[in-house]
Amino acid sequence: MRSQFQCWLRILCLACLGLLPSQATATLSIVTSLPEYEALAKEIVGWCSPLCAESDEITITSLGRGTEDLHFVNPKPSYIRILNNADVLIQNGAGVDEGWLPPLIAASRNPKLVLSFDSPTRIMAAQFVDMLQLPSTQIDRSMGDIHLLGHPHFHLSPTNAILIAKGLTEKFCFLQPDSCSRFTRNLNTFEKRIEKKLPIWQKQMKPLRNVNVIEYHQTFAYLAKSFGLGLVGDELEPKPGIPPSAAHIRKLIPRMNAMDVKLLLIEPFHERKTPTFIAQQTKAKVVIIPSTIGGVPGTDDYISLIDTIVSRLVLAYASH
Ligand SMILES: [Zn+2]
């Protein structure tokens, strides 16, 4: 009874503040910081094309692009206008977008986004998953590490994608109750599609089980855990967000040779000079792996992203 009363009180407060979309117009402008949440939101809303009649009343826009380093998105003035018109903002949290997003939110002066993080109009994806590498000690930003709050690239686990989609569906149902049955139906379809693909991806990745690979940035831990990839503990970056130094690379090369590292995973936006040099000094083959939607051609939604990652890894290892 008490929780129901609190729920209605919350809805009433949000309605007073104008934070719930008008039922008369039934429009919802969803803005996401990262492309993976744009893709997951589209799965739930059922967005299929600009002409898709069923979801014309909902728009979904990502600020970050898959071809850029999403820790360091270059803010554009148009992003302030997009945020100003947003009904909902979905962000990653856990250190990926906190460096560039808050000033844009402040400049947008949109009261729906300036609320506390548990507001239904400002959604943190990190709340829906169990994060890896959570800090065990007091964090200190002077260390220069951009993963201080734990490993933030959790969307690369297909199981986490389902958890995030479930969390988003709950929020969307709260914001637009009239469309809740449609959101739930689309969520179920997405979940079934992932569950159908999982054993296929597992089978494709079987040759890479426990094969040692290294990455440029600390990106693929959730993917490695999902498919048994032998991700070594070191990266080309000495710490997440810190560019490779000559001293670090000098120490890394003998360690890679000792561990018989087969693949060196880089993302499309990384510089190629350092990985190419390392590949010449070791047995590791450089492979470009997209970490999000739109990172390379053919990664238009979540399933095609994982399809692309898996096929690129399998092909690179087979031709090693
Ligand atoms: Zn990162």
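Some thoughts on the sheet that holds strand 8 (residues 285-288)
Spatially, the 4 strands line up as an open sheet ordered 6-5-7-8, and their pairing is parallel. Each of the sheet's edge strands pairs with one partner strand only, and the pair in question is strand 6 (230-235) and strand 8. Here the average twist between neighbouring strands, direction ignored, is 35 degrees. Relative to strand 7 (residues 263-266), strand 5 (residues 212-215) runs parallel, the two being bridged by 3 bridges. Note on strand 7: the bridge partner recorded for Val-213 is Leu-263.

With respect to the pairing of strand 3 (residues 88-91)
Both faces of strand 3 are covered, namely the face carrying Val-88 and Ile-90 and the face carrying Leu-89 and Gln-91. When strand 1 (residues 28-32) meets strand 3, the two strands line up parallel, connected through 3 bridges. Considered in strand 3, the bridge of Thr-32 is made with Ile-90. Inspection of the sheet shows strand 3 paired to strand 4 (residues 122-124) by 3 bridges, in the parallel sense. Looking at the pairing, Ile-90 lines up with Ile-123 of strand 4.

Here's the deal with the packing of helix 2 (residues 35-45) against helix 6 (residues 180-205)
One can describe the packing of helix 2 onto helix 6 by two numbers: an axis separation of 6 Å at closest approach and a directional angle of 115 degrees. Contacts between helix 2 and helix 6 involve Glu-43, Ile-44 and Val-45 from the former and Phe-183, Asn-186, Leu-187 and Phe-190 from the latter. Residues belonging to the contact of helix 2 with helix 6 are distributed by class as follows: 5 nonpolar, 1 polar and 1 charged.

Re the packing of helix 6 against helix 10 (residues 302-318)
The geometry of helix 6 relative to helix 10 is characterised by a closest axis approach of 10 Å and an angle of 5 degrees between their N-to-C directions. If you check the angle between helix 6 and helix 10, you find them roughly parallel. In contact with Arg-193, Lys-197, Trp-201, Gln-204 and Met-205 of helix 6, helix 10 contributes Ile-303, Ile-306, Val-310 and Val-314. Partitioning the contact of helix 6 with helix 10 into residue classes produces 6 nonpolar, 1 polar and 2 charged.

Some details on the confidence of the model for the protein chain
On average, residues of the protein chain score 88 in pLDDT, and 85% of them reach the 70 mark or higher. Between residues 1-26, whose pLDDT stays under 50, and residues either more than four places distant or in other chains, the model counts 17 contacts. Every residue in residues 49-53 is under pLDDT 50, and counting partners more than four places away or in other chains gives 1 contact.

A word on the environment of Ala-107
Tracing the sequence through the fold places Ala-107 in helix 4 (residues 101-108). Separated by 26 residues in sequence, Ala-107 and Arg-81 have C-alpha atoms that sit 9.1 Å apart.

Basis of the calculations
- Residues numbered from 1 in each chain as written.
- Predicted model: local features only at pLDDT ≥ 70, side-chain atom pairs only at ≥ 80, totals over all residues.
- Pairing = 2+ DSSP bridges.
- Helix = DSSP H or I, 4+ residues; strand = E, 2+ residues; numbered from the N terminus.
- Axes fitted to C-alpha atoms, helices over the stretch in contact; angles between N-to-C directions.
- Buried ≥ 20, exposed ≤ 12 C-beta atoms within 10 Å, placed from the backbone.
- Contact = placed C-beta atoms within 7 Å.
- Nonpolar A, V, L, I, M, F, W, Y, C, P; charged D, E, K, R; others polar.
- Parallel < 35°, antiparallel > 145°, perpendicular 65-115°, else oblique.
- pLDDT = per-residue confidence, 0-100.

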